[in-house]
Amino acid sequence: MLGLGVDIGGTNARAAVVDQSTGQLVVAVKEALVDRSPTGVASVVASLVERAGRGHPVAGAPVGVGFAGMLRGDVVVNAPNLGWRDVDFGGPLAQRLGRPVRLVNDLSAAAWGELKGGAARGASDSFTCFVGTGVGSAIIAGGRLLSGATGVAGEFGHVKLVAEGGRACGCGQLGCLEAYVGGAKLTEWMAESGLSGTPSDLEKLALEGEAVAKGLYDFAVGHLALAIANQVTVLNPDVLVLGGGVLMRCPGMVRRITDVVMERTSVAARQHLRIRLAELGDDSGLVGAALLAVG
Ligand SMILES: [Zn+2]
């Protein structure tokens with residue numbers, strides 16, 4: 001059986017045909033998102049699904065569509081990359097494609113992809129945390145994706161690091177984890193502190209002992225690591241999956257997270273814990289979206 005997955009990013013959209021039994025990509029195609037309006041994005045998705053599916057037996061197969069943002073059923077509540085709020089996207093898209101559509105959060109899709117065909121293969125419980133432009137997570141408990149009462153469980157980037165105030169986050173609140181360690185906000189914070197470059201430049205300077213860089217890095221990464229350790233204490237996962245562009249380029253952050261998790265989680269919660277880097281790279285969201293569409 002073959003499934004269809006779509007991953008809508010900030011600048012590109014991708015679509016793939018995925019083998020549902022193995023989680024392997026059969027074919028993947030990509031297109032730039034020039035017009036980010038809902039109808040513009042729907043056109044790109046329609047063309048990508050048609051291109052990916054050509055020559056494969058996917059007539060009428062459901063398609064899973066991954067978004068960076070908050071979703072409620074067919075409605076995209078908030079997708080900051082696209083500037084969308086409360087857009088009814090799933091229904092009109094299903095009509096246009098002539099096949100069922102399931103909208104899925106990109107991190108939920110990535111976590112499901114890693115569970116079925118990547119770093120968390122064989123696990124029943126995983127906590128997946130990606131640090132890229134932003135910070136996201138997804139929780140799989142007892143083999144099921146945890147969605148919460150209104151579908152927004154796992155918004156790990158917006159746990160607060162300070163009791164009052166704090167740096168401004170893209171979500172409109174203050175003091176969120178993402179406002180300190182998400183790639184976009186960390187780069188802003190570096191610039192305000194007179195440091196140029198990317199988070200991996202910050203890591204290099206901090207590990208060399210440069211005082212300003214070390215101050216920022218220790219606060220951001222120390223709090224990220226502690227927040228992850230606290231999730232492990234609460235959730236008792238088999239596997240902690242770490243990924244996203246910032247963590248993949250900053251091995252020091254991964255080492256710090258590993259050390260803090262091993263020191264600061266409750267002993268019982270980490271007894272059988274495996275800490276793994278995401279294995280599917282940019283494909284985890286595509287694979288997971290395709291598998292969630294039918295699951
Ligand atoms: Zn926030």
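Notes on the structure in this doc start here. Here the structure is a predicted model, which is why all the values come from computation and not from measurement.

## A word on the packing of aromatic side chains
Then comes step 1: Inspection of every chain in the model, using the stated rule, returns seven aromatic pairs.
Then comes step 2: Where Phe127 meets Phe156, the ring centres are 5.4 Å apart and the plane angle is 85°; that geometry is what we call edge-to-face. In this pair, Phe127 sits in strand E9 (residues 126–131) while Phe156 sits in the loop between strand E11 (144–145) and helix H4 (178–181), placing the two residues 29 residues apart along the sequence.
Then comes step 3: The buried category is assigned to Phe156, whose relative accessible area is 3%.
Then comes step 4: Cluster of aromatic residues (ring-pair linked, three or more members): Phe67, Trp84 and Phe89.

## What about the sheet that holds strand E6 (residues 75–79)?
Then comes step 1: Taking strand neighbours across the sheet as the criterion, the three strands line up as E5-E6-E7 in an open arrangement whose pairing is antiparallel. Because the sheet does not close on itself, it has two edges, and the strands there are strand E5 (70–72) and strand E7 (84–88). When strand polarity is set aside, the average angle formed by the axes of neighbouring strands in this sheet is 10°.
Then comes step 2: The sheet contact formed by E5 and E6 spans three bridges and is antiparallel. Bridging from a neighbouring strand, Leu71 pairs with Val76 of E6.

How each quantity is defined
- Within any chain, residue numbers begin from 1 and follow the written order of that chain's sequence.
- In keeping with the model being predicted, local features are shown solely for residues with a pLDDT of at least 70 and side-chain atom pairs are shown and tallied solely at 80 or more, while totals for entire chains, interfaces and linings include all residues.
- Heavy atoms throughout the structure, all of them, feed into the side-chain values; hydrogens and water do not.
- For Phe, Tyr and Trp, rings pair up if their centres lie within 6.5 Å, where Trp contributes its six-membered ring, and each pair is then called stacked (planes under 30 degrees apart), edge-to-face (over 60) or tilted (otherwise).
- Under the scheme used here, helices are H or I runs from DSSP no shorter than 4 residues and strands are E runs no shorter than 2 residues, and both carry numbers assigned from the N terminus.
- Working definition: with a 1.4 Å probe on protein chains only, accessible area under 20% of the residue-type maximum means buried, over 50% means exposed, and in between means partly exposed.
- Here, a strand pair is defined by DSSP locating no fewer than two bridges between the strands.
- The axes used here are C-alpha line fits, helices contributing only the stretch in contact, and every angle between their N-to-C directions lies in the interval 0 to 180 degrees.

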